[in-house]
Amino acid sequence: SAASSTAQRDRPGGAHALRPRGGPAADPRGAARWLSVAAMPFVKTQLNTELFKRDGAKEALPQDIEEQMMQASFQATRNPPRSDVVMVFPYKTHATVRWGEAHLEEEARGLKPPSERERHLMETWQAKRGTVLHALSDSGLVLFLYYSRDRDEIFVRVAADEQHLRQVAEMKRYKLELKPQYFSAYAEYKNDYVGRRELNYSDRCVVSHIYKTHTDEEGQMHYPQSGAIFRTCDRIRLIDHIIRAMDHNCAGVDIGQLMHDGELMHYFPMHENRRLHDMDKDWFKCFVSGAEIDKVRDYFGERIALYFLFMSHLNKWLLMPALIGLVLSIMQLFPASWDGVEKHTTFAVCVGMGFWAVFFIHFWRRTAATHALKWGTLGMGKQLEPTRPEFVGVSRINPVTGRVDRYYPWSERIWRVLFSASVVTVAIIVLVFVICVLMALRHIFHRNNGRLIFQIINAIVVELMNAVFTNVAKWLTDRENHRAYSEYQNHLLAKTVVFKFVNCYVSLYYIAFFKDKQTLFTMPMKCAYGGDCLKDLGSQLAIFMCVRLTLQNLLELGLPWLSAKIREFREKRSFNTSLFYSTALTVMPDLSQAERQSKKEDYDVYEDMDEVLILYGYTTLFVVACPWVPVVALLSSVLECFLDQKKLVLLYRRPFPVPAANNEPWDTAFDIFGVLAMMTNTGVIVFSSDAFDGTSHADKALMFLAIEHMMILGRLIVSFAFPALPRNVKVLQMQQAVMVHRHLNLGGEEDDHDTRAHAMMTTQIPAPFVFDVDEEEEEDS
């Protein structure tokens, strides 16, 4: 086939291509796409046999050895390890270019010859691809290589056998979960040590029995197999370490540099359809209530699991304010009964929501600490992050790792950071002026009975300016050239949170505190609804939330879906017009699973956290004026969880699992918003409402400070009584440390005789050396 001859150039080592028995080549539509599997260790034996047979200058292998090699190859091919990671390399500049040694078949398809520039580029790709595949194969990884449907890309599915993962886990000191009888602690993986013969094996250490095994939940012995100690997340992390690291038995491939140079198109872990279906079926328990959040953590990792755990915490905490707000909103429909209790009820809502806002993040940190201990990330230090593909720098010796990597000095970055700060400052000044103009236009529209229309226009303008500045902030942060994702996101958050706070909330602050009986551009301002600023504030806030929820959710799902459809249409048209003649018999083959996933978008939890932060601000900052806001916020939060899980399951590639102990820096941002909400609601009730009419400004200021300090004191008392790190978590953490030291470092104690005895019986022991005294005496004589 065309794949067999073309594979000679692309397979590491340059030998003839082989296809695994029972593999995708059995499908006639996909037979031409399989490139080479000779890089797989279990196929190398078969490859060597074929080479001896084909080369006339060499003798054939002995029959018994050949049969053993073929039998081992067949047995290994029947149950190959699961491929967890996919690498996509460019093969041709375009599907219409003729490239490779199968030119006779391709020429019949009407493909055009490459230009000199295209030929040079594809030869460069080929050389680099061969180097990378050699490194991956030499590191012991199992590689499955095949063409894309249009034969313009090469897909490499990467897998690793269990024994290799155990060796790398021990070398990396990777932490695994222990069994429940060991308090489900997390400890570094260690292989069993049989001990030294000269010490009569007294230093023997058997610890393999203490690690928790992860078997198929439905009892189907597909994957993982019985006795597997690695979850899918663990396998992906270890394979990623093998690919990136330059340690022993690792490939040392610089993924970021390859993607930056365009020599690697995609690099992502594979989805598992059965687990996705399971989470999609129980989406409410997994993504909304958090009852089965461990499924999300085991599949997507701790970073994404913490986001959905935060959303479940927000949903639970919004239940009580939503119920109270619903009751108050119903009471407002009956003015006769509402007027008598309005002042007392408003003051109670102010104090209650003030405490709610300052306690929310504090108790979230307690929840996060509890789950971080359960997931083995509590107290996790700063991790060495991979380099961003967009990072540009000069090569140097890393003083930490001693390896050659890219470096960009801070002395050059500081000027770009200052430039970004200047742009953000100017943008905020311009934004304040635009908001003032909008408020003046709002007054004009109000006089012409167009207040509602202008409120909708104002909300749309706010969303457009948010989108524009987000792109500007990303451009500025890209110019700053940050090395790690965490640095990049921290600087991006610092820019966007300030701008979006001004853009989303300044007009509401103006209505609440400054609009009534003021002038703007020589025009006298007055609140709507007969001068009731709280009702005016509530109507504008309602329009803001409705427009944001509608536009944001439509764009959040619509844009990825639309881009996928456009990409699919272009590829279909390119396939029909370039590779085959357009006839009624032309059938376009189906995409492989890896290729379908490569067409999806990358998921970034930053965007979802940014949306929730803006929603949180709308919910808490002016809740005194709009007690119905928590009801809308609860519904939108549940909807956000549903849409986010649909994005992860249907529209996005599987992200690499990232370990995390909290949601910083987002936790700090939510905490700041909580303090601002406490102060804002207190200010609204004291200065803007009629609860303290007839009181002097000095007395109102004292009242404001008294209420504010009361809430701060309440937070300090609660923080002392319920610390951010719960006491039971502290105790369990110390118990786990003792258990790990006792059973892993010391090899077990007397209270574990039965378990250790069973493990020692199942562990192979080297045959002891028997000293025969009689034979020694005969030799001396």
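This structure is a prediction, so every number in the text was calculated from the model and none was measured.

Participant: Explanation requested: the overall build of the protein chain in the structure shown.
Facilitator: Scanning the protein chain from N- to C-terminus turns up 26 helices and 11 strands. Looking at the protein chain as a whole, 48% of its 781 residues qualify as buried. Looking at the protein chain alone, contacts between residues at least 24 apart form 73% of all its contacts between residues at least 6 apart. Counting only carbon and sulfur atoms, one obtains 60% of the accessible surface of the protein chain, whose full area is about 38,300 Å².

Participant: Teacher, can you tell me more about the nonpolar core here?
Facilitator: Soluble globular proteins tend to pack their nonpolar side chains together in the buried interior. Ranked by internal contacts, the top residues of the largest apolar core, which has 102 residues, are V296, Y505, Y618, F622 and F670. Ranked by the residues each element gives to this core, the list is headed by helix α13 (residues 335-375), at 13 residues. Beyond its immediate chain neighbours, meaning those up to four positions away, Y505 contacts K500, L613, I614, G617, Y618, L621, F622 and F673. Within the second largest apolar cluster, 49 residues are counted, among which are L141, L145, Y211 and F230.

Participant: Whenever I open this one, helix α12 (residues 302-332) confuses me. Can you help?
Facilitator: Count 3.6 residues to each turn of an α-helix, and residues three or four apart come out pointing the same way. Its 31 residues place the ends of α12 44 Å apart at the C-alpha level, agreeing with the 45 Å of an ideal helix rising 1.5 Å per residue. The largest bend in α12 amounts to roughly 35 degrees and is located at L319, with the proline P321 lying one to four residues further along.

Participant: Which parts of the structure should I look at to understand the side chain of R366?
Facilitator: Following the sequence through the fold, R366 ends up in helix α13. We note that R366 is buried and unpaired, the nearest opposite charge coming from D667 at a distance of 13 Å. When neighbours within four sequence positions are excluded, R366 is seen to be in contact with F722, P723, A724 and P726.

Participant: Looking at this structure, how should I read a nonpolar patch on the surface?
Facilitator: On the surface, L452, I456, I460, L464, L551, L555 and L559 cluster together to form a nonpolar patch covering roughly 620 Å² of accessible area. Listed by contribution, the elements that provide at least two residues to the nonpolar patch are α15 (451-480) and α18 (533-578). The element best represented in the nonpolar patch is α15, accounting for 4 residues. Within the fold, I460 resides in helix α15. A residue is classified by how much of its surface remains accessible, and I460, at 36% relative accessible area, is partly exposed.

Participant: I'm lost on the pattern of salt bridges in this one. Help?
Facilitator: In this structure the tally under the stated criterion is 31 salt bridges. Where E162 meets R235, a salt bridge forms, and the shortest distance between an N and an O atom there is 3.6 Å. Note that E162 is positioned in helix α6 (residues 162-172) and R235 in helix α7 (residues 232-244), a separation of 73 residues in sequence. By relative accessible area, which is 26% here, E162 ends up partly exposed. The closest approach of N and O atoms between E302 and R237, which form a salt bridge, is 2.5 Å.

Participant: I tried to follow the confidence of the model for the protein chain on my own but got confused; where do I start?
Facilitator: Low pLDDT means the predicted atomic positions in that stretch should not be read closely. Overall, the prediction assigns the protein chain a mean pLDDT of 77, with 76% of residues at 70 or greater. Contacts from residues 72-77, a stretch scored under 50 in pLDDT, to residues over four places away or in other chains number 9 contacts. The model gives residues 579-586 a pLDDT under 50, and that stretch makes 13 contacts with residues more than four places away or in other chains.

Participant: I keep staring at the packing of α15 against helix α16 (residues 485-514) and nothing clicks. Help me out?
Facilitator: How two helices pack is summed up by the angle between their axes together with the distance between the axes. The geometry of α15 relative to α16 is characterised by a closest axis approach of 9 Å and an angle of 155 degrees between their N-to-C directions. As far as their axial angle goes, α16 and α15 are roughly antiparallel. Regarding α15 and α16, the two cross each other, and that crossing is right-handed. In this structure, α15 uses V462, M465, N466, F469, T470, A473, K474, L476, T477, D478 and E480 to contact α16, whose residues at the interface are Y488, H491, L492, K495, T496, F499, K500, N503 and C504. Taken together, the residues of the contact of α15 with α16 sort by class into 9 nonpolar, 6 polar and 5 charged.

Definitions and cut-offs
Residues numbered from 1 in each chain as written. Predicted model: local features only at pLDDT ≥ 70, side-chain atom pairs only at ≥ 80, totals over all residues. Heavy atoms only, no water. Helix = DSSP H or I, 4+ residues; strand = E, 2+ residues; numbered from the N terminus. Buried < 20%, exposed > 50% of the residue type's maximum accessible area, 1.4 Å probe, protein only. Contact = heavy atoms within 4.5 Å. Areas by Shrake-Rupley, 256 points an atom, 1.4 Å probe, with all protein chains shown as cover. Core = buried A, V, L, I, M, F, W, Y, C linked by side-chain atoms within 4.5 Å. Expected span 1.5 Å × (residues − 1). Bend = angle between axes of the 7 residues up to and from the residue. Lys, Arg positive; Asp, Glu negative; His and termini not counted. Salt bridge = Lys/Arg side-chain N within 4 Å of Asp/Glu carboxyl O. Patch = residues over 30% accessible without salt bridge, like charges linked within 9 Å, V, L, I, M, F, W, Y side chains within 5 Å. pLDDT = per-residue confidence, 0-100. Axes fitted to C-alpha atoms, helices over the stretch in contact; angles between N-to-C directions. Parallel < 35°, antiparallel > 145°, perpendicular 65-115°, else oblique. Left-handed = near helix turned anticlockwise from the far one by under 90°. Nonpolar A, V, L, I, M, F, W, Y, C, P; charged D, E, K, R; others polar.

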